[in-house]
Amino acid sequence: MNLQINSIKGKVANSLYRIQMGWTLWYIGILLGIQVIVFYFTSDVQEANFNFMYFISQPSKIYMLVIGIILFFNFFGYFIKNGVTRKDYFVGSAIAAGGVALSIILIGLIISAIIYITGIFPSSLEMDIIDQSLGLVKQITALSLLLYGYYIAGWIVAAGFYGFSGWYKSASIVVAALFAGIINTIWQGDVDFPLYLVYSYSIRRWGLEYTYF
């Protein structure tokens with residue numbers, strides 16, 4: 001029975017991840033094209049020497065928020081009608097969202113590295129989005145969780161509009177905005193403490209013995 005449940009969650013996660021990555025590859029490609037155009041036609045950007053990772057950091061928050069809303073409205077009812085429980089849908093969707101958030105960061109880093117190595121235009125490999133004293137793994141983790149938080153904010157808005165009426169819809173927007181603000185403050189502020197909680201939980205959960213700090 002557990003294998004069957006896990007299989008359903010896995011199938012939901014796989015399906016939603018594939019769908020969202022289709023959108024995401026288009027999104028990243030469009031942003032890359034915009035950066036190239038902006039770089040060659042805007043002297044301020046040339047002097048600032050922004051890398052691609054920095055360029056996509058802010059738009060990616062909005063992107064994750066939007067796809068969190070769109071996915072819920074377009075696929076929640078579909079999966080429920082096809083026999084998937086709400087729990088399986090949300091677990092699968094959460095896994096897929098985590099994969100998308102991590103994929104955006106990794107693809108952004110790879111593109112930044114390619115631009116830097118090939119010298120297509122002046123760039124750097126520094127991620128000026130969060131604390132530079134953090135190691136690469138911590139930076140990737142923090143940025144992925146930041147995007148993931150905005151996805152959850154999109155869920156909150158979608159759930160409010162899907163299941164409620166009247167002032168509850170407005171309340172869902174307020175709650176989502178507050179949640180996104182808190183997430184943004186945590187992960188772009190002092191991220192050592194929240195990262196410590198994340199890694200500590202992972203270590204206890206899997207019985208690992210490793211010191212990250």
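Residues numbered from 1 in each chain as written. Predicted model: local features only at pLDDT ≥ 70, side-chain atom pairs only at ≥ 80, totals over all residues. Heavy atoms only, no water.

1. Side note on the environment of Ala159
We apply this condition: Helix and strand labels come from DSSP, where a helix needs a run of H or I of at least four residues and a strand needs a run of E of at least two; each type is numbered from the N terminus.
Structurally, Ala159 is set in helix H5 (residues 136–163). Through-space distance from the C-alpha of Ala159 to that of Ser172 is 7.9 Å; in sequence the pair is 13 residues apart.

2. Focus: the packing of aromatic side chains
Cut-off, in case you're wondering: For Phe, Tyr and Trp, where Trp contributes only its six-membered ring, two rings pair if their centres lie within 6.5 Å, and the inter-plane angle classes them as stacked under 30 degrees, edge-to-face over 60, or tilted in between. Categorising residues by exposure relies on relative accessible area from a 1.4 Å probe, with only protein chains included: less than 20% of the type maximum marks a residue as buried, more than 50% marks it as exposed, and the intermediate range marks it as partly exposed.
One pass over the full model with this rule turns up eleven aromatic pairs. Centre to centre, the rings of Phe76 and Phe90 are 5.6 Å apart; their planes meet at 40 degrees, and the pair counts as tilted. One end of the pair, Phe76, is in helix H3 (residues 52–81); the other, Phe90, is in helix H4 (residues 86–118), with 14 residues separating them in the sequence. According to the relative accessible area criterion, Phe76 is buried, its value standing at 4%. Look at Tyr78 and Phe79: their rings are 5.5 Å apart centre to centre, the planes differ by 80 degrees, and that puts the pair in the edge-to-face class. Through successive ring pairs, a cluster of aromatic residues spans Phe72, Phe73, Phe76, Tyr78, Phe79, Tyr89, Phe90, Tyr151 and Trp155.

3. Side note on the UniProt feature "transmembrane region" (unreviewed entry) in the chain
To keep things clear, this is the line we draw: UniProt positions are given in the numbering used here, feature names are shortened, and annotations may be inferred rather than shown by experiment.
Per the UniProt record, "transmembrane region" (unreviewed entry) is annotated on residues 21–42, 62–80, 89–120, 140–164 and 171–189. Helix makes up 100% of residues 62–80 and strand makes up 0%, while its end C-alpha atoms are separated by 27 Å. Note that residues 89–120 is 94% helix and 0% strand, and that its end C-alpha atoms are spaced 43 Å apart.

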